[in-house]
Amino acid sequence: MRDEGHSMERHILVILPHPDDEAFGVSGTLAKSISEGAQVTYACLTLGEMGRNMGFPPFANRITLPAIRKKELEESCRAIGIQDLRVMGFHDKTIEFEDQEQLDARIEGLLKEVDPSLVITFYPGYAVHPDHDACGAAVIRTIGRLPQAKRPPVHCLAFSKNCEEVLGKPDVVNDVKVFLKQKIASIQAHRSQFQAAELMGNGKTKEKELQERFGRERFWTYRFS
Amino acid sequence: MQLINPTKVQQMINAFQGQDLYIHLEMTTGAYAAHVDNTKHPAATFVTNATIRYIHGSIAGNAPYRVGLKMLNGWLYSEGLTHWEETETERLILAGHDSQGKLVVALHLSRRPF
């Protein structure tokens, strides 16, 4: 297990399908790497325009949600310190139905342009939401086509119920307790999606509980066969 | 979004009668329904920018509300509507939110594409 997971990364390319996918699983790791000098490009495939959370009480609707979520995403990126956000313009819920060649070509373009030292995405098949799985599959497919020597390492997020059973324990566990402030700010930026009470246990959650809930981020390094 | 005012919604339904309209119609349990509780059956469906024309329509019930639009060759029906957007004067924006504020159902009508 590597606890200094992303230290010394030059450029991390994060590819996830929804605004807020970065908040719980990756934001601490990114804030940490950025503090150590890394560049981060975050390609967010959709604007999460089909999300069912609209604030509580609801302040958004299907028409206003995309613009609201884009602003939330930008705020989250500022909180983390992400230097380069790309909104890729795909439609929520449709990644698995997209033209694969077109999707892969966009990802290939990013890889060529950014030349990342590390890629972070969802583990295909173990990421619960169909968009997560399809996003991860497209990234793995595209990187898998590169010659072995040119493939950047890929750290995958997984949270399906069976993920540890099948994949084993995550091989990268990052301690991000020092970066909880950035992480909480990233989560809170998505105010249409997460309610403070739900998140903070009605404001009574102690610092220690927050550290236990949010202080570690787990990844599985993808093994290309 | 505000709680539905059925009188005002009925006025808008009347104003849209007999015209070609773009619709967004949706119902969802959420993509995580089965992940959170494996006895749940996750389902979602939506159609955006299909066009319809109705010969008459009305809102019924008492919070949550139902809307039925009678078309020349069929019906559009939606149940569980709780909220509308009162600032929208050219589009009818109706939605049903559960007790946690999550969207369950949506029915939107507009003369222009969404």
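Treat the numbers as computed from the prediction; the structure is a model and nothing was measured. (Residues numbered from 1 in each chain as written. Chains lettered and ligands numbered in written order. Predicted model: local features only at pLDDT ≥ 70, side-chain atom pairs only at ≥ 80, totals over all residues. Heavy atoms only, no water.)

Looking at this structure, I do not really get the overall build of chain A. What am I missing?
If you tally the helices and strands in chain A, you get nine helices and seven strands. Computed over C-alpha atoms, the radius of gyration of chain A comes to 17 Å, within 12% of the 17 Å expected from 2.2 N^0.38 for 225 residues, which places it in the range of a compact globule. Principal axes of the C-alpha set define a box for chain A whose edges measure 50 × 40 × 35 Å. If you take every contact in chain A between residues at least 6 apart in sequence, the share linking residues at least 24 apart comes to 82%. Roughly 10,200 Å² of accessible area belongs to chain A as shown, and the carbon and sulfur atoms make up 52% of that amount. Charge separation in chain A, taken as the distance between the mean sites of 30 positive and 32 negative side-chain charges, equals 3 Å. (Helix = DSSP H or I, 4+ residues; strand = E, 2+ residues; numbered from the N terminus. Rg over C-alpha atoms; globule rule 2.2 N^0.38 Å. Contact = heavy atoms within 4.5 Å. Areas by Shrake-Rupley, 256 points an atom, 1.4 Å probe, with all protein chains shown as cover. Lys, Arg positive; Asp, Glu negative; His and termini not counted. Charge placed at Lys NZ, Arg CZ, Asp CG, Glu CD.)

Is there a simple way to explain helix α2 (residues 27-35) of chain A in this structure?
An α-helical turn contains 3.6 residues, so any two residues separated by three or four positions project in the same direction. All names here are of chain A. Burial analysis of α2 places eight of its nine residues in the buried class, the great majority of the element. Three or more residues of α2 are buried, namely Ser-27, Gly-28, Thr-29, Leu-30, Ala-31, Lys-32, Ser-33 and Ile-34. Of the residues trailing α2, Gly-37 is marked for its positive phi of about 110°. (Buried < 20%, exposed > 50% of the residue type's maximum accessible area, 1.4 Å probe, protein only.)

Looking at this structure, how should I read the sheet that holds strand β6 (residues 172-175) of chain A?
Strand pairing in a sheet relies on backbone hydrogen bonds. The paired strands run either parallel or antiparallel. All names here are of chain A. Strand order in the open sheet formed by seven strands is β3-β2-β1-β4-β5-β7-β6, with mixed pairing between adjacent strands. Of all the strands in the sheet, just β3 (84-87) and β6 have a single pairing partner and so form its edges. Across the sheet, the mean angle from the axis of one strand to that of its neighbour is 25°, orientation sign disregarded. Note: strand β5 (residues 154-157) against strand β7 (residues 216-221), two bridges, orientation antiparallel. Residue pairing for β7: His-155 is matched across the bridge by Thr-221. Lying over the sheet, α2 contacts β1 (11-16), β2 (39-44), β4 (118-122), β6 and β7, oriented at roughly 90° with respect to β7. With respect to the sheet, helix α5 (residues 130-144) is in contact with β1, β4 and β5, its orientation differing from that of β4 by roughly 145°. (Pairing = 2+ DSSP bridges. Axes fitted to C-alpha atoms, helices over the stretch in contact; angles between N-to-C directions.)

Explain the nonpolar core to me, please; I cannot follow it from the model alone.
The nonpolar side chains of a soluble globular protein tend to be buried, and buried together. Residue and element names in this part refer to chain A. Counting residues in hydrophobic clusters, the biggest one holds 26 residues, and the most contacted among them are Leu-13, Ile-15, Leu-45, Leu-103, Ile-107 and Val-119. Those elements giving two or more residues to this core turn out to be β1, α4 (100-114), α5 and β5. When residues in this core are grouped by element, the largest group, six residues, is from α5. Contacts of Leu-103, omitting those with residues within four sequence positions, involve Leu-45, Phe-90, Ile-95, Ala-138 and Arg-141. (Core = buried A, V, L, I, M, F, W, Y, C linked by side-chain atoms within 4.5 Å.)

What is the right way to read the packing of helix α3 (residues 65-80) of chain A against helix α7 (residues 180-189) of chain A from this model?
What describes two packed helices is the angle between their axes and the distance between those same axes. Residues and elements named next belong to chain A. Direction vectors running N to C along α3 and α7 enclose 175°, while the axes themselves pass 8 Å from each other. What the angle tells us is that α3 and α7 run roughly antiparallel. Here Glu-72, Glu-75, Ser-76, Ala-79 and Ile-80 of α3 come into contact with α7, specifically with Gln-182, Ala-185, Ser-186 and Ala-189. When grouped by side-chain class, the residues that make up the contact of α3 with α7 number four nonpolar, three polar and two charged. (Parallel < 35°, antiparallel > 145°, perpendicular 65-115°, else oblique. Nonpolar A, V, L, I, M, F, W, Y, C, P; charged D, E, K, R; others polar.)

Honestly, the interface of chain B and chain A in this entry has me stumped. Any pointers?
The parts lose accessible area when they come together, and the size of an interface is often stated as this lost area. Contacts between chain B and chain A engage 27 residues on the former and 20 residues on the latter. Between chain B and chain A lies a buried interface of about 2,000 Å² when both sides are counted; carbon and sulfur atoms form 60% of it. Looking at the side of chain B facing chain A, the largest losses of area belong to Tyr-32, His-35 and Lys-102 of chain B, adding up to 29% of the total buried there. Linking chain B to chain A there are two salt bridges. A salt bridge links Arg-62 of chain A to Glu-26 of chain B, with the nearest nitrogen and oxygen atoms 2.6 Å apart. Linking chain B with chain A are five residue pairs in polar contact (both at pLDDT 80 or more). Looking at the side of chain B that touches chain A residue by residue, the class counts come to eleven nonpolar, eleven polar and five charged. (Buried area = accessible area lost by both parts, 1.4 Å probe. Salt bridge = Lys/Arg side-chain N within 4 Å of Asp/Glu carboxyl O. Polar contact = N/O pair within 3.5 Å; in protein donor to acceptor, adjacent residues only side chain to side chain.)

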